[in-house]
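Given next are the chains, with one letter for each unit.
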Amino acid sequence: MSAILWDKPVSANGLLFFGPLEALVFLKTTLSERADLHYRLACSMMNDAVNGRASPDEAREIFEAVVAETCDEHRGEVLLAC
């Protein structure tokens with residue numbers, strides 16, 4: 001299986017994410033305290049993109065939205081530097 005990469009990386013927590021597999025690992029480790037619908041949708045989309053069942057670009061958009069939402073919720077905290 002070849003790695004699926006995005007055309008445009010996503011920046012979160014001072015890191016760049018180049019594909020849905022990296023994003024999924026980040027979601028399940030760094031953002032694992034979230035359990036809302038957006039978080040679960042993002043995890044599902046990353047998993048589907050990795051397995052070829054969803055568009056990587058759509059998955060990236062969802063990941064960007066969850067990262068932005070988390071940044072808004074944790075503005076000023078060191079955990080997630082946006």
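Located above this text is the structure these notes cover.
How each quantity is defined
- Residues numbered from 1 in each chain as written.
- Predicted model: local features only at pLDDT ≥ 70, side-chain atom pairs only at ≥ 80, totals over all residues.
- Heavy atoms only, no water.
- Axes fitted to C-alpha atoms, helices over the stretch in contact; angles between N-to-C directions.
- Helix = DSSP H or I, 4+ residues; strand = E, 2+ residues; numbered from the N terminus.
- Parallel < 35°, antiparallel > 145°, perpendicular 65-115°, else oblique.
- Left-handed = near helix turned anticlockwise from the far one by under 90°.
- Contact = heavy atoms within 4.5 Å.
- Nonpolar A, V, L, I, M, F, W, Y, C, P; charged D, E, K, R; others polar.
- Buried < 20%, exposed > 50% of the residue type's maximum accessible area, 1.4 Å probe, protein only.
- Polar contact = N/O pair within 3.5 Å; in protein donor to acceptor, adjacent residues only side chain to side chain.

Undergrad: How do you make sense of the packing of helix α1 (residues 20-29) against helix α2 (residues 37-50) when you look at a structure like this?
TA: Here α1 crosses α2 at 150 degrees, and the two axes come no closer than 8 Å. In terms of axis orientation, α1 runs roughly antiparallel to α2. Crossing angle aside, the handedness with which α1 passes α2 is left-handed. Seen from α1, the contacting residues are Pro-20, Leu-21, Ala-23, Leu-24, Leu-27 and Lys-28; seen from α2, they are Tyr-39, Ala-42, Cys-43, Met-46, Asn-47, Ala-49 and Val-50. Of the residues in the contact of α1 with α2, the class split is 11 nonpolar, 1 polar and 1 charged.

Undergrad: In this structure, what is going on with the side chain of Arg-60? I would like to understand it.
TA: Tracing the chain through its elements places Arg-60 in helix α3 (residues 56-73). Of the residues examined, Arg-60 reaches a relative accessible area of 13% and is grouped as buried. The residues contacting Arg-60, other than those within four sequence positions of it, are Trp-6, Lys-8, Val-10 and Met-46.

Undergrad: Would you take a moment to explain the side chain of Arg-34 for this structure?
TA: Here Arg-34 is to be found in the loop between α1 and α2. Accessibility expressed as a relative area gives 6% for Arg-34, which makes it buried. Within the structure, the side chain of Arg-34 is placed 3.4 Å from the backbone oxygen of Val-66, a separation counted as a polar contact.

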